[in-house]
Amino acid sequence: MTQPSTPSPAASPVVGIIMGSDSDLPTMQGAIAICEQFQVACEVAIVSAHRTPERMVDYAQTAHERGLKVIIAGAGGAAHLPGMVAALTPLPVIGVPVPSRHLQGLDSLYSIVQMPAGIPVATVAIGNAQNAGLLAVQILACQQPDLLAQVQRYRQSLRDRVLEKQSKLDA
Ligand code: RP5
């Protein structure tokens, strides 16, 4: 008689996706979707630099001990979350400037991208959490041949899509 298979325990997260507010979630879904697509375990948390500063410090200081390898941090307006987290963790931090109400995300972009030398934040385009997810996957893929092959297949699918559109134009 075959034994019922026990569900394998969920892999522990290697990517931390954090954001300053739940209002950032629609933007940050792009990063979550990429992690799901590449089957990279991620955790999602709302961590505000100014509303929950102690939580931010705790999250950033313990992230590497908890097994995370990369942190993606999204925030809007005076977007200090990615920079503050980068200052508190040895892990690579990818910043996502969230489009803001008044300045369309230019404020978020400048706050995140203009880090002084010494504490880098890899900043993606305004609202482009998808690229943050891809960058996180590519960082992990440096040590994981299977994931690297998946990245290559993803790139091939982008090429195929362009060529398919071209052949429709040519027809
Ligand atoms: C930032 O303030 C958040 O990252 C968000 O983008 C912005 C507005 O937050 P809510 O007022 O929508 O909560 O901290």
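Nothing here was measured: the structure is a model prediction, and the numbers come from that model.

A. Region of the structure containing the site of the ligand. Taken together, Met19, Gly20, Ser21, Ser23, Asp24, Ser48, Ala75, Gly76, Gly77 and Val98 make up all the residues around the ligand. When its residues are assigned to classes, the shell around the ligand shows three nonpolar, six polar and one charged.

B. Region of interest: helix H4 (residues 106–113). Listed as buried for H4 are Ser108, Leu109, Ser111 and Ile112. In this structure, the buried side of H4 is in contact with strand S3 (70–76), helix H3 (81–88), strand S4 (93–98) and strand S5 (122–123).

C. Representation of the nonpolar core. Val15, Ile71, Ile72, Ala73, Leu81 and Val85 are the most contacted members of the largest nonpolar core, which totals 42 residues. In this structure Ala73 touches Ile18, Leu81, Pro82, Val85, Val93, Gly95 and Val96, once residues within four positions along its chain are discounted.

D. Seen up close, the sheet that holds strand S1 (residues 15–19). In space, the five strands of this open sheet follow the order S2-S1-S3-S4-S5, with parallel pairing throughout. This sheet does not close on itself; its edge strands, each paired only once, are strand S2 (42–46) and S5. Bridge count for S1 against S3 is five bridges, and the pairing is parallel. Considered in S3, the bridge of Met19 is made with Gly74.

E. Local environment of helix H5 (residues 129–141). The end-to-end C-alpha distance of H5, which contains 13 residues, comes to 18 Å, matching closely the 18 Å that a straight helix rising 1.5 Å per residue would cover. What H5 keeps buried is the set Ala129, Ala132, Gly133, Leu134, Ala136 and Val137. Buried residues along H5 sit in contact with S1, helix H1 (25–37), S3, S4 and helix H6 (145–170).

F. Structural view of the packing of helix H2 (residues 53–62) against H3. Contact pair H2 / H3: the axes reach a minimum separation of 8 Å and the direction vectors enclose 50 degrees. The angle between H2 and H3 places the two elements in the oblique class. Handedness of the crossing formed by H2 with H3: right-handed. Contacts between H2 and H3 pair Met56, Val57, Ala60 and Gln61 from the former with Leu81, Met84, Val85 and Leu88 from the latter.

G. Region of interest: the pairing of S1. Of all five residues in S1, five are buried, a share of seventy percent or more. Going residue by residue along S1, you find Val15, Ile17 and Met19 tucked away on one face and Gly16 and Ile18 tucked away on the opposite face as well. Relative to S2, S1 runs parallel, the two sharing five bridges. Across the sheet, residue Met19 finds its bridge partner in S2, namely Ile46. Chirality of the crossover, the property in question, places the unit of S1, H1 and S2 among those that are right-handed.

What counts, and at which threshold
- Residues numbered from 1 in each chain as written.
- Predicted model: local features only at pLDDT ≥ 70, side-chain atom pairs only at ≥ 80, totals over all residues.
- Near = placed C-beta within 6 Å.
- Nonpolar A, V, L, I, M, F, W, Y, C, P; charged D, E, K, R; others polar.
- Buried ≥ 20, exposed ≤ 12 C-beta atoms within 10 Å, placed from the backbone.
- Helix = DSSP H or I, 4+ residues; strand = E, 2+ residues; numbered from the N terminus.
- Contact = placed C-beta atoms within 7 Å.
- Core = buried A, V, L, I, M, F, W, Y, C linked by C-beta atoms within 7 Å.
- Pairing = 2+ DSSP bridges.
- Expected span 1.5 Å × (residues − 1).
- Axes fitted to C-alpha atoms, helices over the stretch in contact; angles between N-to-C directions.
- Parallel < 35°, antiparallel > 145°, perpendicular 65-115°, else oblique.
- Left-handed = near helix turned anticlockwise from the far one by under 90°.
- Right-handed = clockwise from strand over helix to strand, strands pointing away.

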